[in-house]
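Residues per chain are reported as follows:
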Amino acid sequence: MRLILIGPPAAGKGTQAAKLVEKYGITHLSSGDMLRAAIKAGTDLGVQAAAYMDKGNLVPDDLVVDMMVERVKESDCDDGFLLDGFPRSLPQAEALDSALSEAGVSLDAIVAIKVPDDMIVGRITGRRMDPETGDIYHMDFSPPPAEVASRVVQRQDDTEEACRVRLEKYHAETAPVLPYYESTGLLKEVDGNAAPNVVTEQIFDILS
Ligand code: AP5
């Protein structure tokens, strides 16, 4: 299965991706995680990306497209993949389409998680991650267990200021990708303003 999860910042893409990967056994490709790994490793890409990400801006299309298009060609994607956070602009969507059609494969579904803007800031500022397992928590909605609580970390771009920029970028650059995919008949929308397990059930229903 080849899927895309799309939605505003903190829509729950990473949270739902973990469930989908577990159920379908497909490879999870998060462009945000890949860029953060590049920053941590101090690569050229990481150095360039950091300047954009810290402020909540999108990383330029050419950098992200090269990274993702190369990654989907790797053998662990032969049996399917889940793209999380990519594509995030029309040029990225078009580049992905070209790469997939060159490879003779196609997407099965694009799942859009809808969450109202006024829910986003609270989700972002409360998010914490376990650096050892990558598990995502929220200090109010799904707090980390006691044995994990002392090591959870907050992402550098999870400030209220960067969040507002990320939301603006979502509406200006990523939202136009939705009508693009709607025209293919593959776009499915779910209500992300519900408990995480309810959102998971909606997605599983759609995909089955
Ligand atoms: P990226 O890492 O992709 O961040 P994002 O899209 O802003 O999404 P998030 O990771 O913030 O949220 P999420 O939807 O995964 O939500 P989560 O499950 O964690 O990108 C970061 C940056 O990298 C971008 O700003 C950009 O600079 C750059 N970048 C990445 N890809 C790019 C691209 N393609 N092009 C250009 N630049 C790119 O949940 C959030 C919180 O809410 C958690 O605390 C969670 O516990 C909680 N939560 C989840 N679901 C629910 C629920 N149903 N109810 C209540 N709480 C919930």
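Above this text sits the structure in question.
S.K.: Please clarify how the site of the ligand should be interpreted in this entry.
M.R.: If you check the shell around the ligand, you find 35 residues, and the closest are Thr15, Asn57, Arg88, Arg127 and Arg166. Contact between the ligand and alanine 11: an oxygen atom at 3.1 Å from a main-chain N or O atom of the residue. A distance of 2.9 Å is found between an oxygen atom of the ligand and a side-chain nitrogen or oxygen belonging to arginine 155. For the ligand, whose unbound accessible area comes to 1,000 Å², protein coverage reaches 96%. Looking at the shell around the ligand, the elements with two or more residues in it are α1 (13-24), α2 (31-41) and β6 (136-138). With four residues, α2 is the single largest residue contributor to the shell around the ligand. In terms of residue class, the shell around the ligand is made up of 16 nonpolar, 11 polar and eight charged.

S.K.: Sorry if this is basic, but what is going on with the sheet that holds strand β1 (residues 2-6) here?
M.R.: In a beta sheet, neighbouring strands pair by backbone hydrogen bonds and run either parallel or antiparallel. Ordered by their spatial adjacency, five strands build an open sheet running β2-β3-β1-β4-β7, and the pairing between neighbours is parallel. Strands at the two margins of the open sheet, each flanked by one partner only, are β2 (27-30) and β7 (187-191). Each neighbouring strand pair of the sheet contributes to a mean axis angle of 20°, computed without reference to strand direction. The pairing of strand β4 (residues 109-114) with β7 spans five bridges and is parallel. Note that in β7 the partner of alanine 112 across the bridge is glutamate 189. Helix α4 (residues 61-72) rests against β2 and β3 (81-84) of the sheet, and its axis sits at about 175° to β2.

S.K.: Honestly, the pattern of salt bridges in this entry has me stumped. Any pointers?
M.R.: Charged atoms that come close allow side chains of opposite charge to pair. Taken as a whole, this structure holds 12 salt bridges when the rule is applied. Notably, a salt bridge pairs arginine 71 with aspartate 76, separated by 2.7 Å at the nearest N-O pair. Overall, arginine 71 belongs to the buried group, its relative accessible area being 17%. The exposure class of aspartate 76 is partly exposed, given its relative accessible area of 37%.

Parameters and conventions
Residues numbered from 1 in each chain as written. Predicted model: local features only at pLDDT ≥ 70, side-chain atom pairs only at ≥ 80, totals over all residues. Heavy atoms only, no water. Near = heavy atom within 4 Å. Polar contact = N/O pair within 3.5 Å; in protein donor to acceptor, adjacent residues only side chain to side chain. Areas by Shrake-Rupley, 256 points an atom, 1.4 Å probe, with all protein chains shown as cover. Helix = DSSP H or I, 4+ residues; strand = E, 2+ residues; numbered from the N terminus. Nonpolar A, V, L, I, M, F, W, Y, C, P; charged D, E, K, R; others polar. Pairing = 2+ DSSP bridges. Axes fitted to C-alpha atoms, helices over the stretch in contact; angles between N-to-C directions. Contact = heavy atoms within 4.5 Å. Salt bridge = Lys/Arg side-chain N within 4 Å of Asp/Glu carboxyl O. Buried < 20%, exposed > 50% of the residue type's maximum accessible area, 1.4 Å probe, protein only.

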